[in-house]
Amino acid sequence: METALQGLLQAAAALHPDRPAVRFDGGGGGASQSYRELLSLAKQLTSLLHMRCPLQDNVAIGLYTHTELNLASWILGILQIPGAYVPIDPDAPAHLSAGVMQQCNLEYVLTQSSLVQSFRDSFSAYMHFEASEVLPNQNLTLVKIKRKIANNPQTGKALNQKVSDKGREKEQAVDEAVQCRTFTQEMGGRGPGCLAYVLHTSGTTGLPKIVRVPHKCIVPNIVHLRSLFQVTPQDVVFMASPLTFDPSVVELFVALSSGASLLLVPTVVKMVPNKLAEVLFKHHRVSIMQATPTLLKRFGSSLLHSTVLSAATPLRVLALGGEAFPSLALLRSWREDGNQTQFFNLYGITEVSCWATCYKIPEEAISGNSVVCNSVPLGMPLLETTVEVRDQNGSVITQGEGQVFIGGTERVCFLGDETVLAPGLMRDTGDWAELRESHMYYMGRKDRVIKRHGKLLNLETLQLAVESLSQVEACAVSHYKEHRLLVFVVAASQSPDIDKVILHSLSKRMPVHGIPDTLVWVEALPLTSHGKVNMEELLKFYEGQRAAKMSQAGLNGRKDLWERLQTLWKDVLSLPEDAVVPSESVFLFCGGDSLKSLRLSEEIEIAVGRSTPGLLEVILSGSFSDLYNHTARLLFPEKDEETVQKTNVKRQLIETSLPTYTKVPKKEETQIQINFLSFTVVRKGGERLIVGAVLHNPACEGTSGNINTLKKAEARHDLTAGHSKEGRNGTKRVEAQPAEKPVSQREDASLKPKVRWKSDTGKCVDASPVLLLPGDGETPATVYIGSHSHRMQAIDTGSGELRWERVLGGRIEASAAVTKCGKFVVVGCYDGVVYFLRADSGESYWMFSTEDSVKSSPCVDLLTGLVFAGSHDGHIYALNTEAKQCVWKRHCGGGGVFSSPCLQDSPRRLYVATLGSQFLAINPDNGDTVWKHSSDKPFFSSPRCSHESVCVGSVDGNIHCFSHAGEKLWQFPTSGPVFSSPCITTGCPADQKLVCGSHDNSVYCLSSRGSLLWRFETSGKVFSSPFSFGGPDWGGQALVAVASTDGTVWIIDVESGTLKTSYSLPGEVFSSPVVWERSLCVGCRNDFVYCLDL
């Protein structure tokens, strides 16, 4: 028998070189890798590790990665050194992973290249490291751990002892080398390269416990199970377990040692049962699946019956382990008549990796209707495994109840600091079993036997009894605070008085002390990362339910429902109490996951006092507005549908396909040659960036550039005149003037806007357009704009012809920017990536990954060329386009960065506002904070600078003004939240004004001192930023364009506040208009980008 995992795989590859070894499906299509390709990539990695790493016997290499196509080749590459791989979960708490890395004495970690920044952010506080080598064709980076940092309190103990004296450092290094050599010799007594992989326990009671697994321990498992499952090259095996859970080893090598295909699926697909079932059984026809019972139950009885365990299912083998096997009655209810799936019960512990016993359930036991024996035996020991049941005195028994011990001559692992093990060592499992009629039956953990009302009760027995009921799909049992007996129940179907029915049925199956105090209804059982029931989360749900019931006062209409949902959303995601959840927010993109979604579902049902079918799916795949509408329809069915539709936001679907470049076949595509020396960029809020020679534009009088100079027109804006009242702490608070009526809305008949062109993007357009105007006077201008459809478009401003279109990895709400060289368009995306695209073709130049969605529009420093981008991960990033690297990043003190940063040239300041109510001035050259202002409300508005001050709107309803030194100059109150960003009008600094919209359906024009000059009343809320323009072509007039959310675009005279003209678009508008010459561009939520002739 082959004694190493890599040997099993290599033998299969030699027989089936061209068969698909690995498949990967992100939910939107898949990719595959043959055995020949797998071996080639693994060989390349092995060679790199031999060249770069000073390897010793039993060397361990870390593997920091999410699930992806090359995963198997990376593991094989490490095993072929020979070495052991150590999975490090990117989603695990950093201090626990750092502890694991220290205990394993890791010197090298293979990191998925797209996660290098995540690795740096997670572990820079615990150790020093550097990127040693990059394999671009494998998306892999070798990171070398250089030195560990001492005594970091978050790890629970010192990661290393820091010695300041150089002599002591040298002495310690020698001692460590001797210890390492001794360890290697003792471990090497089992043979060089004896270790296959290193795992760890959960770490819930301290640092994780390390488990080092030799090849000789795991290979018998693989060989025996592939025989029991009768695996063939035609099989497709689903890898359901994460790398940190040892069943993943069985899934991987049972498939790849048999010439079968291994199917890999990312976590985001696993979270959505309908999508997962479609990928597994319709797209790839998975024939072998190993999972925990809880993970299987997440499909739900309907999907299990119709797809997973249907008569036509491709699933040939279903092996369940890691938890107690479900009752036979429950298993029967899942199967459709005619289903031929074979069922196996697996049992084992991580400390003797992986499985110890296996039992194939006879078909007659499943198809029969007897309830006399509903439990399933654990089965017989697997190859080279010894299983014993011992009584309380430690004696082996052959009948009755006792504790399970597992071991064998070769089936042993090294725990913690163990280096030598006695042959035939038996490990205590902590599990209880009953031996009867030559079978062993699982009774649960020894800590799951409680004393209630003076009598012993096994909680596993109660769980099996509840699951055997036809009304129950799944359940979990807890003895809450050793006081209340709780059963968390997932209902198989809704029926009247279901609580009474279940309790009555249990009274016939359980003694009096075994009847639960409370049935807690949940839509699904939350899972740990290993697919087991997360009892900690369930107890949080219960506690939240009790608190809600004690304080519940009922819902008073739709407004109360909206506010309640806002509160619950923020509570579950740990957002600030005063944060405002935008209607288009998507739960998974705001920091949610499957556990948190279940908690939100539970708390919503508690709040509304009733079951809400389909709620969990809406939370996982819809927006906040979808969630509100779904709940409101159930609670207020009498409300007319038209009203509901007005508040509805287009649904954000979970799409997990990789970004792809798409060329749209529209007539003949025109390629833009970006090699001019001068150009102008026009963006929302009246921002104009001019690079190089003079470019005259009558619509932007007062804005100019000089040859070979870089100027930012907005930086010359000045605020100088006006009046205000002295407030607290010297702050000037401008009082609103309610007596002043809104200005006239009579239109100028000479202005008649009409649509020049419109471009279909496929979904809502909330982003604002960006115009790139070459200075050669010949090349046409281009509009760049993104959409909720993930599309980024480049459009000819004059003709509306689509020059190129690019589909990115997520929804695009952020407006774009253009780099200093004019060659690249920069835009953020919901997938957390900042894309640098070639302005002339849309092709990717660089993709920089942040840790959360990017809804902030980047800004460009024309002095250094740096691009500044904010992210919902709370950071602002300084990105060097030419070097393709992050120069610095700054955490902004709390809350995501939704608004766009603003750069001031003199003094050098980068202004950033956050959803965590922070407003910061940052040194753009090094990322240091110059000053900070904390508010009590979030900032969605983007700051705007003048020569002497910076202004920003706030959800608190005020427009705030600060000096560049951080002194609060004044604030002006509106009558609603301010999401709009201020605009500084063009012209002489002494005559400049500030124009800003508000959710009170108004546009305000203020003097430089914050005095109200006029207020214009619109027909809807103003989310967009005003855009100022004017010049000779407009008769010397200074004008401002602004859009209200009802779809109306307004052109207003800046001096008088009177309406010049308006135009109604056929959809809501959250995009900000941009004007150049006689054209206005703006996005609309009817899926189109519009260009209007003014």
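Residues numbered from 1 in each chain as written. Predicted model: local features only at pLDDT ≥ 70, side-chain atom pairs only at ≥ 80, totals over all residues. Heavy atoms only, no water.

A. View of the overall build of the protein. A count of helices and strands for the protein gives 22 helices and 63 strands. In the protein, which comprises 1094 residues, the share counted as buried stands at 59%. Here the protein displays about 42,400 Å² of accessible surface, and carbon together with sulfur accounts for 49% of that area. (Helix = DSSP H or I, 4+ residues; strand = E, 2+ residues; numbered from the N terminus. Buried < 20%, exposed > 50% of the residue type's maximum accessible area, 1.4 Å probe, protein only. Areas by Shrake-Rupley, 256 points an atom, 1.4 Å probe, with all protein chains shown as cover.)

B. Fine view of the pairing of strand β51 (residues 958-963). Of all six residues that make up β51, six are buried, and the element is covered over most of its length. Alternating positions in β51 separate into two faces, Asn958, His960 and Phe962 on one and Ile959, Cys961 and Ser963 on the other, with burial throughout. Of the pairings in the sheet, the one linking strand β50 (residues 949-953) to β51 comprises five bridges and is antiparallel in character. Counted as the bridge partner of Ser949 is Ser963 from β51. Two successive antiparallel strands, β50 and β51, enclose a turn made up of four residues, where Gly957 displays a positive phi of approximately 90°. Connecting β51 to the antiparallel partner strand β52 (residues 968-973) that follows it, the hairpin turn spans four residues, and Gly966 within it adopts a positive phi of roughly 100°. (Pairing = 2+ DSSP bridges.)

C. Structural context of the packing of helix α4 (residues 94-103) against helix α5 (residues 116-123). Look at α4 against α5: their axes get within 9 Å of each other, and the N-to-C directions meet at 90°. Classified by the interaxial angle, the pair formed by α4 and α5 is roughly perpendicular. Note on element contacts: α5 touches α4 through Phe119, Ser122 and Phe123, opposite Ala94, Ser97, Ala98 and Met101. When its residues are assigned to classes, the contact of α4 with α5 shows five nonpolar, two polar and no charged. (Axes fitted to C-alpha atoms, helices over the stretch in contact; angles between N-to-C directions. Parallel < 35°, antiparallel > 145°, perpendicular 65-115°, else oblique. Contact = heavy atoms within 4.5 Å. Nonpolar A, V, L, I, M, F, W, Y, C, P; charged D, E, K, R; others polar.)

D. Fine view of the sheet that holds strand β26 (residues 518-521). Taken in spatial order, the three strands of this open sheet run β24-β25-β26, and their pairing is mixed. Pairing within the sheet leaves two strands with one partner each, and these edge strands are β24 (472-480) and β26. The sheet shows a mean angle of 25° between the axes of neighbouring strands, taken without regard to direction. Two elements, strand β25 (residues 484-491) and β26, share four bridges in a ladder whose sense is parallel. The partner of Leu486 across the bridge, within β26, is Thr518. Here helix α16 (residues 498-507) sits on the sheet in contact with β24, β25 and β26, set at roughly 130° to β26.

E. Structural view of unusual backbone geometry. A cis amide bond links Ile81 to the next residue, Pro82, at an omega of 5°. Positive phi, normally seen in glycine, also occurs at Glu384, with a value near 60°. Within the fold, Glu384 resides in the loop between β16 (380-381) and β17 (386-390).

F. Local environment of the pattern of salt bridges. Taken as a whole and assessed by the stated rule, the structure comprises 22 salt bridges. A salt bridge links Arg756 to Asp1093; its shortest N-O distance comes to 2.6 Å. Separated by 337 residues along the polypeptide, Arg756 in strand β32 (residues 754-760) and Asp1093 in strand β63 (residues 1088-1093) bring together distant segments of the chain. According to the relative accessible area criterion, Arg756 is partly exposed, its value standing at 32%. Several salt bridges converge on common partners, so that one network encompasses Asp766, Glu1068 and Arg1085. (Salt bridge = Lys/Arg side-chain N within 4 Å of Asp/Glu carboxyl O.)

G. Spotlight on the environment of Leu503. Among the secondary structure elements, Leu503 is positioned in helix α16. Leu503 sits in the partly exposed class, given a relative accessible area of 31%. Taking C-alpha positions, Leu503 is 7.2 Å from Ile515, a pair spaced twelve residues apart along the chain. Residues within four places of Leu503 in sequence aside, it is in contact with Ile515, Pro516 and Leu519.

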